[in-house]
Amino acid sequence: MRIEQGQVAVVTGGASGIGFALGAALNSRGITVVLADIEAQALAAAEKRMESTNTVSTAVCDVSDPDSVKALRQTVLERHGRIDWVFNNAGVVLPFKPMWEHTQTDWEWIMGVNLWGVINGIREFVPGFVQQGTGHIVNTASMAGVAVVPFNGAYNATKHAVVSLTETLAVELAQTAPGVRTSVICPGLVPTQIGQAARNRPGGEQPEPPEPSNVVDDHSHANVITAELLAARVLKALEVDRLYIFPNPGSDAPVEARLDRLRQELATSGLEAARA
Ligand SMILES: NC(=O)c1ccc[n+]([C@@H]2O[C@H](COP(=O)([O-])OP(=O)(O)OC[C@H]3O[C@@H](n4cnc5c(N)ncnc54)[C@H](O)[C@@H]3O)[C@@H](O)[C@H]2O)c1
């Protein structure tokens, strides 16, 4: 689908970082943008910060709560009458540690936002897209969704799941509603507020935020890009209908390393199976 004036986009996690930059880039192209976020104050500030003559509105939403995502869709339709783009982008991180040391509530929180947030977005918005025959659902995963990042196991698991959901959704849509598209963004390091993700944690449990350097996968600081550059690259990739979007330079190395290992082990197990 082309990016065209008059369309309406919903961006979750839109009050900060990557979500805000995606919203601003879309809005500067004449798209009505709804920034949805769990942080009401940050949303109000974001709406002010978005320097544009095109329509911007905000909605408080907790993506981990299906009722909240349902209410978001209803609000957007009541306000703007249509929805063309949905960016399931809200996400959180945990402090780096061996995965067996994360508590039950650590796991439930990160799964709730990063995985259930995307599931809720798909379940709520895709049926309307299928009915109208058009629409594009864009999920934010991470390089951690295609590579191994030690001591980040819970986050990796959610992001691998988001990549898998999007890959599967693409095939299902191609067979049932070819006018509806989906893409997955796999950012490397982007300076944002993700290191302070615990600010949004319910129940007052605030674990130590990770060191900013801990959020870096195994790629170097030379590959860091700004959220604005990421957004510009994402929009270009969407216009040529890419399924996988790798906005940071150097993204190939960690993916190649994983694929090489898989290829090697596949080849070996194939030989072993043939000999058995
Ligand atoms: N920054 C990076 O280096 C990086 C790298 C790879 C992937 N990502 C992914 O990019 C996405 C955006 O993160 P960011 O870096 O812009 O971080 P950020 O913290 O700046 O923005 C995330 C936004 O999500 C919101 N949010 C948190 N919990 C929510 C909930 N339950 N419901 C609704 N909104 C909620 C926060 O309030 C915040 O505004 C995330 O999915 C993250 O995993 C970021």
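Heads up: the structure comes first, above all this text.
Small disclaimer: the values here were computed from a predicted structure and weren't measured.

Chemist: Hey, could you run me through the pattern of salt bridges in this one?
Modeler: Once their charged atoms are close, side chains differing in charge can pair, the charge on each being opposite to the other. Counted according to the given criterion, the structure contains nine salt bridges. With a closest N to O distance of 3.2 Å, R199 and E39 form a salt bridge. Highlighted residues: R199 in the loop between β6 (180-185) and α6 (227-239) and E39 in the loop between β2 (32-37) and α2 (40-49), separated in sequence by 160 residues. Overall, the relative accessible area of 31% leaves R199 in the partly exposed class. Here K70 and E124 are joined by a salt bridge, their closest N and O atoms 3.8 Å apart. Taken together, the residues span a long stretch of sequence, with K70 in helix α3 (residues 66-80) and E124 in helix α4 (residues 104-132) at a distance of 54 residues. For E124, a relative accessible area of 14% translates into the label buried.

Chemist: Is there a simple way to explain the environment of E124 in this structure?
Modeler: For E124 and W109, which are 15 residues apart along the polypeptide, the C-alpha to C-alpha distance reads 20 Å. Leave out the neighbours within four places in its chain, and E124 touches V69, K70 and R73.

Chemist: Just checking my understanding: could you explain the pairing of strand β4 (residues 85-88) for this structure?
Modeler: Consecutive side chains of a regular strand alternate in pointing toward one face of the sheet and then the other. Burial along β4 is two-sided: W85 and F87 and V86 and N88, pointing in opposite directions, are all buried. Where strand β1 (residues 8-12) meets β4, three bridges bridge the pair, whose relative direction is parallel. Directly across from V10, in β4, lies its bridge partner V86. Note that β4 and strand β5 (residues 135-140) share four bridges and pair parallel. In the sheet register, V86 faces β5, and the bridge partner there is I137. The β-α-β motif built from β4, the intervening α4 and the parallel element β5 has right-handed crossover chirality.

Chemist: How should the environment of P202 be read in this particular structure?
Modeler: Mapped onto the fold, P202 is located in the loop between β6 and α6. The exposure class assigned to P202 is exposed, which follows from its relative accessible area of 56%. In this structure, the C-alpha to C-alpha distance between P202 and T105, residues 97 residues apart in sequence, is 9.9 Å.

Rules used throughout
- Every chain begins its residue count from 1, and numbering advances along the sequence as written.
- Local features in this predicted model are restricted to residues of pLDDT 70 or higher, and side-chain atom pairs are both shown and tallied only at a pLDDT of 80 or more, whereas totals for entire chains, interfaces and linings draw on every residue.
- As a rule here, side-chain values come from all non-hydrogen atoms in the structure, and water together with hydrogens is ignored.
- Here, a salt bridge means any side-chain nitrogen of Lys or Arg that lies within 4 Å of a carboxyl oxygen of Asp or Glu.
- Labels follow the DSSP assignment, with helices taken as runs of H or I lasting at least four residues and strands as runs of E lasting at least two, numbered in each case from the N terminus.
- Accessible area is worked out with a 1.4 Å probe on protein chains only. A residue is then buried under 20% of its type maximum, exposed over 50%, and partly exposed in between.
- What makes two residues a contact is simply this: any of their non-hydrogen atoms within 4.5 Å.
- One bridge is not enough; two strands pair if DSSP finds at least two bridges between them.
- Classification remark: right-handed applies to a crossover when, strands pointing away from the viewer, the course from the first strand over the helix to the second runs clockwise.

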